[in-house]
Amino acid sequence: MNRWLGAVVLPLLLSTGASAAPKEEAAKVFARGKRLFSEKDFQGAHEAFGQAYRLKPHYLMQCNIARCHERLADYVKAAKHYKQCLDEGASRDKTAAKVKAALAKIEARITWLEVRSPGKGGTVYVNGISIGPAPQRVPLNPGDHAVEVRRANATAAETRISTHGGEARTVDLVPTDLSRTEPPPPPPPATSVVAPPPPPPRSRRRGVHQAWFWTTAALTVGSAVAASVMGAQALSAKNDYEQNPTRDGYNLAKDRRLIANIFWGVTAAAGLSSGVLVFFTDFRGKKRGEEDVAFGVSYQGSF
């Protein structure tokens with residue numbers, strides 16, 4: 001498309017109606033822009049075409065500028081310059097159909113975002129650039145955009161929009177009015193809290209736990225039984241030795257008597273311990289103060 005646009009613009013730049021110096025300068029700048037476009041330096045070509053337009057305005061130069069923006073994927077600016085090309089004269093000549101077709105192709109890739117701000121409105125900003133007062137219908141190129149509405153004495157409302165082209169979107173952004181910000185609610189009134197009464201102190205036992213007494217008593221009985229058994233076996237071994245005196249018989253009788261004496265000694269010690277523990281053991285199994293604790297709970301419940 002750039003070839004047919006350039007072929008039309010160049011002769012018109014050299015036509016009559018202006019002094020030779022601006023025409024020649026415009027032709028040189030246009031030639032540089034055309035070369036940069038062929039080298040895919042679309043930003044440089046766009047600047048050169050813009051300079052040529054200022055030197056020798058012609059509507060088809062707007063189409064060249066639009067073509068550069070199209071290659072730079074800035075479809076919003078490309079559509080703007082295609083429309084300017086048509087408005088300035090392309091709609092009345094043989095290039096009209098091609099320019100309109102190029103414009104339709106570009107507009108199909110633009111997303112239109114309707115930015116609304118109920119209330120006091122505000123100013124719409126897209127990617128930090130002021131677009132105009134809200135509500136505003138904003139054209140967007142494909143990609144991610146930060147959209148916000150700013151208002152005096154208010155916190156800006158902002159959102160992020162991701163577009164793919166050819167869409168119609170609507171967003172409501174209402175800045176927060178700082179003058180109407182509600183104060184934080186007051187703290188709840190202090191209330192007196194009655195602490196629960198402390199638990200009653202744990203009382204000490206009046207004596208030794210029953211387990212000690214019953215353990216020594218069981219040990220007394222068990223050792224007494226073992227001593228009796230071993231005593232009987234020692235006596236039997238002694239009788240056997242007297243009937244048939246041998247060294248083994250003598251040793252067996254002696255060992256049985258020693259073991260029996262040990263068990264009798266354990267029995268005596270355990271029995272003595274049991275007798276002493278009788279006077280120090282708390283056989284009731286209760287703690288002091290249990291009656292007082294029960295009364296205290298009952299009194300509080302009825303109160």
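These numbers were taken from a predicted model, which means no experiment stands behind them.

1. Let's talk about the sheet that holds strand S5 (residues 143-150)
So, point 1. Read across the open sheet, the four strands follow the order S3-S2-S5-S7; overall the sheet is antiparallel. In this open sheet, the two edge strands, each paired with only one partner strand, are strand S3 (129-133) and strand S7 (157-163). Strand-to-strand twist in this sheet, taken as the mean axis angle between neighbours without regard to direction, amounts to 25 degrees.
So, point 2. Across four bridges, strand S2 (residues 123-126) lies against S3 in antiparallel orientation. Bridge pairing links Tyr-125 to Ser-130 in S3.

2. Let's talk about the packing of aromatic side chains
So, point 1. Overall, the coordinates contain three aromatic pairs when judged by the stated rule.
So, point 2. Arg-137 extends its terminal NZ or CZ atom over the ring of Trp-112, reaching a point 4.2 Å from the ring centre.
So, point 3. Residue placement shows Arg-150 over the ring face of Tyr-125; its charged tip is 3.8 Å from the ring centre.

3. Some words on the side chain of Arg-67
So, point 1. Structurally, Arg-67 can be placed in helix H4 (residues 59-71).
So, point 2. Judged by its relative accessible area of 12%, Arg-67 is buried.

4. Points about the confidence of the model for the protein
So, point 1. The predicted model of the protein has a mean per-residue pLDDT of 80, with 78% of residues at 70 or higher.
So, point 2. Predicted confidence is poor over residues 14-18, with pLDDT under 50, and the contacts of this stretch with residues over four places away or in other chains come to six contacts.

5. Concerning the pattern of salt bridges
So, point 1. In the structure shown here, the tally under the stated rule is seven salt bridges.
So, point 2. Here Glu-70 ties to Arg-67 by a salt bridge, and the two come within 3.2 Å at their closest N and O atoms. Taken together, the residues span about one helical turn, with Glu-70 and Arg-67 both in helix H4 at a distance of three residues.
So, point 3. What makes Glu-70 buried here is its relative accessible area of 12%.
So, point 4. A salt bridge links Asp-172 to Arg-116; the nearest nitrogen and oxygen atoms lie 2.8 Å apart. Within this pair, whereas Asp-172 is found in strand S8 (residues 168-172), its partner Arg-116 is found in strand S1 (residues 111-116), the two being separated by 56 residues in sequence.
So, point 5. When its relative accessible area of 39% is taken as the criterion, Arg-116 is described as partly exposed.

6. So, the environment of Gly-89
So, point 1. Mapped onto the fold, Gly-89 is located in the loop between helix H5 (75-88) and helix H6 (96-107).
So, point 2. In the structure, Gly-89 is positioned 29 residues away from Leu-60 in sequence and 8.1 Å away in space, judged by C-alpha atoms.

7. Points about the state of the cysteines
So, point 1. Using the criterion set out here, one finds one disulfide in the structure.
So, point 2. The disulfide that involves Cys-63 links it to Cys-85, with 2.2 Å between the sulfurs. One quick way to see it: the torsion about the S-S bond of Cys-63 and Cys-85 is about -90 degrees, and its sign makes the bridge left-handed. Note that Cys-63 is positioned in helix H4 and Cys-85 in helix H5, a separation of 22 residues in sequence.

8. Things to note about the nonpolar core
So, point 1. One finds Cys-63, Tyr-82, Cys-85, Ala-90, Val-99 and Ile-106 to be the most contacted residues of the largest nonpolar core, which totals 16 residues.
So, point 2. The element contributing the most residues to this core is H5, with six residues.

Reading the values: the criteria
Residues numbered from 1 in each chain as written. Predicted model: local features only at pLDDT ≥ 70, side-chain atom pairs only at ≥ 80, totals over all residues. Heavy atoms only, no water. Pairing = 2+ DSSP bridges. Helix = DSSP H or I, 4+ residues; strand = E, 2+ residues; numbered from the N terminus. Axes fitted to C-alpha atoms, helices over the stretch in contact; angles between N-to-C directions. Phe/Tyr/Trp six-rings, centres within 6.5 Å; stacked < 30°, edge-to-face > 60°. Lys NZ or Arg CZ within 6 Å of the ring centre and 35° of its normal. Buried < 20%, exposed > 50% of the residue type's maximum accessible area, 1.4 Å probe, protein only. pLDDT = per-residue confidence, 0-100. Contact = heavy atoms within 4.5 Å. Salt bridge = Lys/Arg side-chain N within 4 Å of Asp/Glu carboxyl O. Disulfide = S-S within 2.5 Å. Core = buried A, V, L, I, M, F, W, Y, C linked by side-chain atoms within 4.5 Å.

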